[in-house]
Amino acid sequence: MRPILFYLIILNFTLFSYNSFSQTYTIKGKISDANSNQPMEFANIALLNPGDSSLVTGAMSDLDGLFSFESESGEYILRAGFIGYESGFKNISVGDKNILNVGNIRIKTDATNLQEVVVEGVSSIFTSDIDKRIYNVENSIVAEGATAAELLGTLPSIQVDEEGGISMRGSGEVLIYINGRPSNLSSSDTDNILSQFPANSIKSVELITNPSSRYDAAGVGGIINIILKKNQDLGFNGQVNASIGTRDKYQAGINLNYRTNKVNYFASFDFQDRRRFRIAEGRRENFLAGISRFLEEEGDEIEKRRGSLVRTGMDYNITDNAVLGVYAQANFGSETEDELTLQNNLNFNNELDSIFSRDRFETSNRLNFETGIYYTLDLDSTGKKLNTSISYAYDNRDQSQFTDQTFFNSFNEFVPENSLTQLDESIRESNFSIFQLDYENPLGETGKLEAGVKGTFGEWKRDQSFAQGMASNNFNPVPIDSLNDMYTFNEDVYASYLIYRNRLNKFGYQVGLRGEYTRTLGQLESSGEEFINNYFNLFPSVYTSYILGEEQEISINYSRRISRPNIWALSPIYNLRDQMNFSVGNPTLQPELTDSYEFGYMKGWSRYLLNATLYHRYSTNVQTRIITLLDDNITVQSRENANIRKNTGLELVNQIQVTDWFDLALTGNFFYAEIFGDNLGEGFNNSNFSWTLNLLSTMAIPKLFSVQVQGNYRGPIVFPQGEIEPYWGLNIGLRKDILNNKATVSLNVSDVFNTQIFRIKTIDSRFVYNRAFNRETRIGTLGFTYRFGGFRDKNGKRDGDREDMEDMDF
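Because the structure is predicted, anything quoted here is derived from the model rather than measured.

Peer 1: Go over the overall build of the protein, please, and point to the residues and values.
Peer 2: Regarding its fold elements, the protein presents four helices and 44 strands. Each of the 810 residues in the protein was classed as buried or not, and the buried ones make up 53%. Contacts spanning at least 24 positions in sequence make up 67% of the contacts within the protein whose residues lie at least 6 apart. For the protein, the exposed surface amounts to about 35400 Å²; the carbon and sulfur share of it is 55%.

This is how it looks when you write it as structure tokens:
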């Protein structure tokens, strides 16, 4: 308790030491189409200096056409615009009210840009902010019916490998947030949990490539924040959706919302039942004497996964200045895996030495639960705010697998006495709690101070029971003590941060410092051995920006990050995939530290937006996987700390409005990666130049349907013992609004050419190992969505809408 009390004392001092009577003012309003009165999402709102029309600040409208941003007092010109529309202008005076509502600004279509057809319009799938990129995946046609893990794989800058590992800009160890809160996802189990979230339950995805001191320091690759859907319309409204995919893939869901003037209630339910196949093959050449020269592997697996996601909660406006919110969500389901693996041992002449045939059947059940409460308070009219939240998450997965292994000799004759049966049962369990308190205080005309404290408290457990049967005991599984054990891991992180930001004319800056004290304790039950690692780190961050002109800006950023090893990387319990391949954690693994530098340039034209970022990451104590071949022809995969990793690259994000009904986004990331692992032995240094490309194109063909095409290419990725080879894929989807725009029908095909095959090559002085994994990625999906409620009349207006909204509070 003493660290928490210490942080509260610090925060209390901060709250009362930085009083200020200066203030900024909020400007809010709505943008809509002058003809249809429909709200316009992603419209640009700019606040201009009346003297020279230079850009002061601005914002972008949300899905309901609403916008809100802060400004200093003064006289300004407000400009609202959208591609294919005439810009709307309004003279405003800021300073008379704390909140200036400019009302409903209606803009007209630009006749000079229109053809002789009615334009349905194209909604941009992403927007850029000063510290993040936001992807509006509600507009993603190619991800209809997919899971959250599959959705992330379609987004620029993100790569998802065969095992569900997520990387961003070529760097792994990415931190996953759900609704702005760290999730209890371990990196080795990310795919399993993300696959429980249907893509239809996600509103947007935020990519924070270089997080400031406000965020957790964990995640050297950055932060991916997944925002789940929660409607805010008045009255009762919602939507139902369902989809069916090729080879037995089904999904259905309902999202409900009821809002009064004081309270917003929300609830949703999603169900998935999916069947996928996975084909694997490998060839290992061994250079050790006394064992087979070659090992060839072939695997065929069928995975069946069924799960449900339930969410509910409410936001209660206690007063005009205070909001209380509570939420709860549960994710539960089951999974089976049925796999047949053949392992052929061959001699130097590629002649048969022996064959192992393994028939494995696995069942598992899972439960993931999270609940929390949050409170937001506007302390006064000057902009002082206090936010606090408490959350708790629980995750449990029990798994049981039975394997029947048969053996054939060099003459391909069945040898029953060399056969085996194996029973592997395990329980994975975690508890994760978060306490957070944040404070904001405006200083001067444009300055702001932010401070906060946070505590995260995690407990993880891995319990494994392994038994094996042989001919001598009639193949009845008998426990093997060396593979039966339990490992528990506790990690508590106490953090506090302080940020100051300000603007001097066109120059903006933000400096921050975050301190984190980490306490960890790992315990192995069999030996009673404890692994303690306590440490304190400081994480500075600096962000600067300079406005060169209208919609043109440069920025220079720096931050320091950390990647802490999780239980799956630390656990010293051996895990047996098959009799030739083991994996084990390293309980003495150290955290990885990264210094991240960025130089950015952003420029917007009427139909083109360019966002270029030059970046460099320098990491020490790099956590990496190492494969060792033992003398008995068994490989062991473990984790070690390599000395240094360097990543230097250039990312180019291009958003182009080709016509009024056709836009595309082209993202390229070109980088040079080096890893220095000579502390692990000879031959553990590696480097290469690589790149990733992502194309996302949307066409709203007038009076017909919308088409979306998404393609990606990822070049080779290096690690100390080899590289992950390049791969590419193409997805395509169609969408049509029907029933007076109350319903939508979609059809998509992922990985059209079936090219997303994950290949990895490992090179060592004792062996060369080539593997390929082809998980089912070419999937056709037919989806249907129906929207209802919202107090809307035939023109799409809510009951109570007025032409003059000057005094309405959006």
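Once you've had a look at it, read on.
Peer 1: Break down the nonpolar core for me, citing the residues and quoting the values.
Peer 2: Formed by 26 residues in total, the largest nonpolar core has its most connected members in L152, I166, I224 and I226. Elements with a contribution of two residues or more to this core: helix 2 (148-152), strand 10 (158-160), strand 11 (166-168), strand 12 (175-178), strand 14 (202-208) and strand 15 (223-228). The leading source of residues in this core is helix 2, at four residues.

Peer 1: Which residues make up the side chain of N669, and what are the values?
Peer 2: Examined against the element boundaries, N669 turns out to sit in strand 35 (residues 662-676). A polar side-chain atom of N669 sits 2.7 Å from a polar atom in the side chain of Y615.

Peer 1: How would you summarise the environment of S204 if you had to cite specific residues and measurements?
Peer 2: Secondary-structure assignment places S204 in strand 14. Excluding its chain neighbours within four sequence positions, the residues that come into contact with S204 are I134, Y135, N136, V137, N225, I226 and I227.

Peer 1: Before we move on, could you go through the pairing of strand 19 (residues 294-317) and cite the residues and values that matter?
Peer 2: Judged from the 23 bridges that link them, strand 18 (residues 263-286) and strand 19 form a sheet pairing that is antiparallel. Bridge pairing links A267 to T312 in strand 19. Direction of pairing for strand 19 relative to strand 20 (residues 322-346): antiparallel, over a ladder of 24 bridges. Each bridged residue has a counterpart across the sheet, and for K304 the counterpart in strand 20 is T336.

Peer 1: Explain the sheet that holds strand 2 (residues 44-48) to me, using residue names and the numbers behind them.
Peer 2: Judged by pairing direction, the sheet is antiparallel, and its four strands sit side by side in the order 3-2-5-6 without closing on themselves. At either end of the open sheet lies a strand with only one pairing partner, and these are strand 3 (55-60) and strand 6 (88-94). If you compare each strand with its neighbour and ignore which way they point, the axes differ by 25 degrees on average. As paired elements, strand 5 (residues 74-81) and strand 6 share seven bridges and run antiparallel to each other. Across the sheet, residue E75 finds its bridge partner in strand 6, namely S93.

Peer 1: Explain the sheet that holds strand 7 (residues 99-107) residue by residue, including any values.
Peer 2: Sheet architecture is open: three strands sit in the order 4-1-7, paired in mixed fashion. Here the strands that pair on one side only, and so sit at the sheet edges, are strand 4 (66-71) and strand 7. Across this sheet, the average inter-strand angle for adjacent strands is 20 degrees, counted without regard to direction. Both strand 1 (residues 25-33) and strand 7 contribute to a ladder of seven bridges, which runs parallel. Along strand 7, the bridge assignment pairs S32 with R106.

Peer 1: Lay out the pattern of salt bridges with the relevant residues and their values.
Peer 2: Under the defined criterion, the tally for this structure stands at 29 salt bridges. Between R501 and E450 there is a salt bridge; the shortest N-O distance is 3.8 Å. Placement of the pair is R501 in strand 26 (residues 485-504) and E450 in strand 24 (residues 447-469), with a sequence separation of 51 residues. You can call R501 partly exposed: its relative accessible area is 32%. Owing to a relative accessible area of 4%, E450 belongs among the buried residues under this scheme.

Peer 1: Before we move on, could you go through the side chain of Q401 and cite the residues and values that matter?
Peer 2: As for its placement among the helices and strands, Q401 is situated in strand 22 (residues 385-408). Excluding residues within four positions of it along the chain, Q401 makes contact with R360, F361, E362, Q422, L423, D424 and L576.

Peer 1: Can you break down the packing of aromatic side chains residue by residue, with the values?
Peer 2: Going through the model one piece at a time under the given rule, you end up with 21 aromatic pairs. Between R284 and the ring centre of Y769, over which it is positioned, the NZ or CZ distance is 5.7 Å. The ring of W568 is capped by R428, whose NZ or CZ atom sits 4.9 Å from the centre of that ring.

Peer 1: Kindly report on the pairing of strand 24, identifying the contributing residues and their values.
Peer 2: The element strand 24 is largely enclosed, with a buried count of 18 among its 23 residues. Examined bridge by bridge, strand 23 (residues 420-443) and strand 24 share 23 bridges and lie antiparallel to one another. In the sheet register, Y439 faces strand 24, and the bridge partner there is A451. Hairpin remark: strand 23 followed by strand 24, antiparallel, with three residues in the connecting loop; positive phi at G444, about 70 degrees. Sheet analysis places strand 24 next to strand 26, joined by 17 bridges and oriented antiparallel. Bridge pairing links K448 to R501 in strand 26.

Peer 1: So, the environment of E337: which residues are in play, and what are the values?
Peer 2: On the secondary structure map, E337 appears in strand 20. Residue E337 is classed as buried on the basis of its relative accessible area, which comes to 11%. In contact with E337, other than residues within four places in its own chain, are E301, I302, E303, R360, F361 and E362. A polar contact of 3.1 Å, which involves the side chain of E337, links it to the side chain of R360.

Peer 1: Explain the confidence of the model for the protein to me, using residue names and the numbers behind them.
Peer 2: Looking at the protein, the pLDDT average stands at 85 and 87% of residues meet or exceed 70. Note that residues 1-22 has pLDDT below 50 and, in this model, 35 contacts with residues that lie over four places away or in other chains.

Peer 1: Can you explain unusual backbone geometry? Please cite residues and give values.
Peer 2: Phi at D751 is positive, roughly 45 degrees, even though this residue is not glycine. By the secondary structure assignment, D751 is in the loop between strand 41 (743-750) and strand 42 (758-763). Residue class for D751 comes out buried when judged on its relative accessible area of 0%. One non-glycine residue, N754, lies in positive phi territory at about 55 degrees. Mapped onto the fold, N754 is located in the loop between strand 41 and strand 42. Its relative accessible area of 28% is what places N754 among the partly exposed residues.

Thresholds applied
Residues numbered from 1 in each chain as written. Predicted model: local features only at pLDDT ≥ 70, side-chain atom pairs only at ≥ 80, totals over all residues. Heavy atoms only, no water. Helix = DSSP H or I, 4+ residues; strand = E, 2+ residues; numbered from the N terminus. Buried < 20%, exposed > 50% of the residue type's maximum accessible area, 1.4 Å probe, protein only. Contact = heavy atoms within 4.5 Å. Areas by Shrake-Rupley, 256 points an atom, 1.4 Å probe, with all protein chains shown as cover. Core = buried A, V, L, I, M, F, W, Y, C linked by side-chain atoms within 4.5 Å. Polar contact = N/O pair within 3.5 Å; in protein donor to acceptor, adjacent residues only side chain to side chain. Pairing = 2+ DSSP bridges. Axes fitted to C-alpha atoms, helices over the stretch in contact; angles between N-to-C directions. Salt bridge = Lys/Arg side-chain N within 4 Å of Asp/Glu carboxyl O. Phe/Tyr/Trp six-rings, centres within 6.5 Å; stacked < 30°, edge-to-face > 60°. Lys NZ or Arg CZ within 6 Å of the ring centre and 35° of its normal. pLDDT = per-residue confidence, 0-100.

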